[in-house]
Amino acid sequence: LPRAPAVLKKRLVKLVVNFLFYFRTDEAEPIGALLLEHCKITKEEENIFSISFIEEPERKYCFECATEEQCQEWVEALRKASYEFLRKSLIFYRNEIQKMTGKDPLEQYGISEEARFQLGAHRQ
């Protein structure tokens, strides 16, 4: 059966680490959230982007921004919001600091040898 056309709804959104919370315009509490893991952020049109999930590619959330610049800012922020992106960034910067200083910057925080090994083991 053909799907009914999507209904556009005005929502406010707030990005907190790797969750995108969405709110009705007249309410302070979020009505839902999207966990930004294993997802694809796509710029669809000038001021429209979408979020789709690898496990459910048929389920797609579209967002319209006021300007193209605002849209680009959202796309960049959302692409950097996943745990995987943050983990890779931590590994990269840890290695760069270690090359420059000769010291592991995580050592001062009491991170165990085992944890450091796990961090290093995920390099790609």
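Residues numbered from 1 in each chain as written. Predicted model: local features only at pLDDT ≥ 70, side-chain atom pairs only at ≥ 80, totals over all residues. Heavy atoms only, no water.

As recorded in an unreviewed UniProt entry, the chain goes by Pleckstrin homology domain-containing family J member 1 and comes from Peucedramus taeniatus.

Draft legend 1. Representation of the overall build of the chain. If you tally the helices and strands in the chain, you get three helices and six strands. Its helices and strands taken in sequence order, the chain reads β-β-β-β-β-β-α-α-α from the N to the C terminus. Within the span of the chain, comprising 124 residues, buried residues form 27% of the whole. A separation of at least 24 residues holds for 32% of the contacts in the chain among residues at least 6 apart in sequence. Put simply, the chain shows about 9600 Å² of open surface, and 55% of that area lies on carbon and sulfur atoms. (Helix = DSSP H or I, 4+ residues; strand = E, 2+ residues; numbered from the N terminus. Buried < 20%, exposed > 50% of the residue type's maximum accessible area, 1.4 Å probe, protein only. Contact = heavy atoms within 4.5 Å. Areas by Shrake-Rupley, 256 points an atom, 1.4 Å probe, with all protein chains shown as cover.)

Draft legend 2. Spotlight on the pairing of strand E3 (residues 32-35). Because side chains alternate across E3, one face comprises the buried residues Gly32 and Leu34, and the other comprises Ala33 and Leu35, none of which is buried. With four bridges connecting them, strand E2 (residues 19-24) and E3 associate as antiparallel partners. Note that in E3 the partner of Phe19 across the bridge is Leu35. (Pairing = 2+ DSSP bridges.)

Draft legend 3. Structural detail: the sheet that holds strand E6 (residues 56-64). Here three strands make up an open sheet; going across it, the order is E4-E5-E6 and the pairing antiparallel. A strand with exactly one partner marks an edge of an open sheet, and here the two such strands are strand E4 (39-45) and E6. Going from strand to strand, the sheet's axes swing by 25 degrees on average, the running direction of each strand aside. Relative to E6, strand E5 (residues 48-53) runs antiparallel, the two sharing six bridges. When the bridges of E6 are listed, Ile51 appears paired with Tyr61. Running at roughly 170 degrees to E4, helix H1 (residues 68-79) makes contact with E4 and E5 of the sheet. (Axes fitted to C-alpha atoms, helices over the stretch in contact; angles between N-to-C directions.)

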